Amino acid sequence: MAIANILLVDDDDTLRGVVRATLEMEDYEIVEAPSCRTALALLGRQTFDLVLLDIHLPDGSGLRVLEAVSERRPSTIVMMMTGAVGLDNALKSIKLGASDYITKPFSSNYLLKAIEHALLTKDTKEGLRHS
């Protein structure tokens, strides 16, 4: 059984392949989306524990997807990814509800630790709500 199910949203096929392989080796279930439109459609049909979301997508800003996740599925963790270093997008992301902001390129080890931390934080918060 998968540790968690993750929606991976990025238009870079190579990056998605590497991230998918890394996460599947750790028993995460991965669903991929190359665009905002595909991501929004998947989010309308399925619940994810975590969304790894690129900011710059071919059909718009990942911030739009982040807003939709925050509104529709507030318990879903969103971690933003970008190759463009910029404080403005990082601040917008956090303000809109992202739990983390990862700059590309990143190591597999860094990504795994960030995801593990985010999921542990989520589990802790949910445990406190149920006690």
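Each remark here, short or long, concerns the structure printed above.
To start, this report covers the structure provided alongside it.

### Comments concerning the sheet that holds strand β2 (residues 29-33)
Strands sit in the order β2-β1-β3-β6-β7 across an open sheet of five strands; the sheet is parallel. Edge positions in the sheet fall to β2 and β7 (100-103), since each has one partner strand and no second. Going across the sheet, the axis of each strand differs from the next one's by a mean of 20°, ignoring polarity. Sheet topology places strand β1 (residues 5-9) next to strand β3 (residues 50-54); four bridges connect them, and they run parallel. Among the inter-strand pairings, Ile-6 is bridged to a residue of β3, identified as Leu-50. In the packing of helix α1 (residues 13-25) onto the sheet, contacts are made with β1, β2 and β3, and the angle to β2 comes to roughly 165°.

### What about the nonpolar core?
Of all hydrophobic cores here, the largest spans 24 residues; its most connected members are Leu-7, Val-9, Leu-53, Val-65 and Met-80. Ile-6, Leu-23, Ile-77 and Phe-106 belong to the second largest nonpolar core, which has 21 residues in total.

### Topic: empty space enclosed by the protein
What the rule picks out here adds up to one cavity of 30 Å³ or more. The computed volume of the largest cavity comes to approximately 30 Å³. Taken together, Leu-43, Ala-68, Val-69, Arg-72 and Arg-73 make up the lining of the largest cavity. Residue contributions to the lining of the largest cavity peak at three residues, all from helix α3 (residues 62-72). A per-class count over the lining of the largest cavity returns three nonpolar, no polar and two charged.

The rules behind each value
Residues numbered from 1 in each chain as written. Predicted model: local features only at pLDDT ≥ 70, side-chain atom pairs only at ≥ 80, totals over all residues. Heavy atoms only, no water. Pairing = 2+ DSSP bridges. Helix = DSSP H or I, 4+ residues; strand = E, 2+ residues; numbered from the N terminus. Axes fitted to C-alpha atoms, helices over the stretch in contact; angles between N-to-C directions. Contact = heavy atoms within 4.5 Å. Core = buried A, V, L, I, M, F, W, Y, C linked by side-chain atoms within 4.5 Å. Buried < 20%, exposed > 50% of the residue type's maximum accessible area, 1.4 Å probe, protein only. 1 Å grid on protein atoms, 1.4 Å probe; cavity = no way out; pocket = protein on both sides within 12 Å on 5 of 7 lines; lining within 4 Å. Points joined across faces, edges and corners; volume = space filled by probe spheres on them. Nonpolar A, V, L, I, M, F, W, Y, C, P; charged D, E, K, R; others polar.

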